[in-house]
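Inside the fold
Below are the chains, spelled out letter by letter.
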Amino acid sequence: MINKDFFAALAALESDKGIPRQVFLEALENALVAACKKQYAGSVGTVEIKTNPEKGSIEFFTVKTVVEEVLDRENEISLEDAQKIKKSYKIGDRATEKFVPKDFSRIAAQTAKQVILQKLHETERDAAVSEFSDKEGELLVGVVRKIDAKNVYIELGKGQVEGLMLPTDQVPGEQYNVNDKIKVFVKRVKNNFRGAQVLVSRSSAGLVRKLFEEEVPEIKQGTVTIKEISREAGARTKIAIYSEDPRVDAIGACVGNKGARVNAIVDELKGEKIDIIPWSENPLEFIAKALSPAKVISVTQIGEDKTAMAVVPDDKLSLAIGKDGQNARLAVRLTGWKIDVKTESAAQKLGVDTPKDEDNGDLT
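Every residue gets a number counted from 1 within its own chain, in the order that chain's sequence is written. Residue-level local features of this predicted model are given only where pLDDT is at least 70; pairs of side-chain atoms are given and counted only at 80 or more, and the full residue set underlies all totals for whole chains, interfaces and linings. Hydrogen atoms and water are omitted, and side-chain values are computed over all heavy atoms in the structure.

1. Thoughts on the overall build of the chain
Only runs of H or I of at least four residues qualify as helices and only runs of E of at least two qualify as strands under DSSP, and these elements are numbered from the N terminus. Of the regular secondary structure elements, the chain holds twelve helices and 15 strands. Here's how the labels work: a residue is buried when its accessible area is under 20% of the maximum for its type, exposed when over 50%, partly exposed in between, all with a 1.4 Å probe on protein chains only. Out of the 364 residues in the chain, the part that is buried amounts to 44%. Of the roughly 20,100 Å² that the chain leaves accessible, carbon and sulfur atoms contribute 47%. For accessible areas, the Shrake-Rupley method is used with a probe of radius 1.4 Å. Any residue's cover is judged against the shown protein chains and nothing else.

2. Section: the packing of aromatic side chains
To pair, rings of Phe, Tyr and Trp, with the six-membered ring standing in for Trp, must have centres within 6.5 Å; the planes then decide the type, stacked if under 30 degrees apart, edge-to-face if over 60, and tilted in the middle. Enumeration according to the criterion identifies two aromatic pairs in this entry. For the pair F60 and F99, a centre-to-centre distance of 6.0 Å together with 70° between the ring planes defines the contact as edge-to-face. Of this pair, F60 sits in strand β2 (residues 57-67) while F99 sits in strand β4 (residues 94-99), and the two are 39 residues apart along the sequence. Neither F60 nor F99 differs from the other in exposure class; each is buried. Centre to centre, the rings of Y242 and W279 are 5.5 Å apart; their planes meet at 85°, and the pair counts as edge-to-face. Placement of Y242 in strand β11 (residues 236-243) and of W279 in the loop between β12 (273-278) and α9 (283-290) is noted, with a sequence separation of 37 residues between them. By definition here, charges over rings are those cases where NZ of Lys or CZ of Arg is within 6 Å of the ring centre and within 35 degrees of the ring normal. Lying across the ring of F61, K50 places its NZ or CZ 5.1 Å from the centre. When the ring centre of Y89 is taken as origin, the NZ or CZ atom of K86, which lies over that ring, is 5.7 Å away.

3. Structural notes on the confidence of the model for the chain
As a per-residue measure, pLDDT tells how confident the predictor is, with possible values from 0 to 100. Across the chain, the average pLDDT comes to 86, with 88% of residues at or above 70. Contacts between residues were defined by any pair of non-hydrogen atoms, one from each residue, lying within 4.5 Å. Within the model, the stretch residues 357-361 combines pLDDT values under 50 with nine contacts to residues more than four positions away or in other chains.

4. Quick notes on the nonpolar core
Most often, soluble globular proteins have nonpolar side chains that are buried together. In these notes, a set of buried Ala, Val, Leu, Ile, Met, Phe, Trp, Tyr and Cys residues joined through side-chain atoms within 4.5 Å is what counts as a nonpolar core. Residues F212, I239, I241, I274 and I276 are the most contacted members of the largest nonpolar core, which totals 22 residues. Listed by contribution, the elements that provide at least two residues to this core are α5 (205-215), β10 (224-232), β11, α7 (250-255), α8 (260-268) and β12. Sequence-distant contacts of I241, that is, excluding residues within four places in its chain, are made with V224, T225, I226, K227, A250, I251, C254, I276, I277, P278 and W279.

5. With respect to the packing of α5 against α8
Look at α5 against α8: their axes get within 10 Å of each other, and the N-to-C directions meet at 140°. In terms of orientation, α5 and α8 fall into the oblique class. For the pair α5 and α8, the crossing hand works out as right-handed. Here L211, F212 and E215 of α5 lie close against α8, whose contacting residues are R261, V262, A264, I265 and E268. Amino acid classes used here: Ala, Val, Leu, Ile, Met, Phe, Trp, Tyr, Cys and Pro are nonpolar; Asp, Glu, Lys and Arg are charged; the rest, including Gly, are polar. For the contact of α5 with α8, a count of residues per class yields five nonpolar, no polar and three charged. Every angle, taken between N-to-C directions, lies between 0 and 180 degrees, and every axis is a line fitted to C-alpha atoms, over only the stretch in contact when it is a helix. Angle categories: roughly parallel below 35 degrees, roughly antiparallel above 145, roughly perpendicular from 65 to 115, and oblique for all the rest. Left-handed describes a crossing whose near helix is turned anticlockwise from the far helix by less than a right angle; the clockwise case is right-handed.

6. Digging into the pattern of salt bridges
We define a salt bridge as a side-chain nitrogen of Lys or Arg found within 4 Å of a carboxyl oxygen belonging to Asp or Glu. This structure, assessed with the given rule, holds 19 salt bridges. K98 is paired through a salt bridge with E59; the nearest N and O atoms lie 2.9 Å apart. One end of the pair, K98, is in strand β4; the other, E59, is in strand β2, and 39 residues separate them in sequence. Residues D169 and K187 are paired through a salt bridge, measuring 2.9 Å at the closest nitrogen-oxygen approach.

This is how it looks when you write it as structure tokens:
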């Protein structure tokens, strides 16, 4: 039964949840109209509802247009019948007549309950979306709650939000089990009929970036900058770093005492190899470093576009290229240059000069 206690409850919800009472009332009126249309289909015409919180009442009205000749009994009323309701009605007016729906108490009470629960759910969902919308690009810890044939579902926050990890965001070879606690990178937050849903990733390069920010104070403070990252999740990552302060060793900061910092990240990535590359504004020097762990004899630009030839010792070609071309491929992504890796003997046959010194030779 809807009564003064019901409206008092709405006022309490407004105070506790911050949801305006009018939001509930508008939703309730729309829901009751829909209920009446369903119950009285084809007989009552247009239904309007007025709520009065002060009186603790809800009134139902049927609305019909006053016409000379009735052709649509559901939506029209004759002038004679309209003036029985109110003498001042004339042709073209909207005649309203109060009525009490059959089984009103049950309909109203059930509808009110549904509306309140729905609005509370929507409000909690919107609050969760609002909270997590600021988390895009962040690192979060979640608990694996469900795994289906393809996707992994992760509980985030206080359980109000579901994180979805699609197959493309999973790392090949990693095993995910229900109740596992894992770190994930938040790619995007979206709102759907199920509520707030957060698309998360373990394969994104953003995950590596955030792990370094978390593990290396100099990066978090801005003294050391991550310039570029290229990653093939589960296998290898190359990260280019630069120290804004010449007194700070960027490589040393990222590696940590006895490798503690980088090893912590490798452990989180389940053994994924990480090459920490010193960034250089000289693209040819940067290419030479990017092909690590191979030693590069020389790098020469070919033509005017971003294409270079990197020359390596004859016995280091496979190391420079990597298994299935992975090392060279990651170096290309890291530098943004197309790199043609040649052995020293092959370069000499092409007439390429390959001077040697301690700094990777010709980088011009």
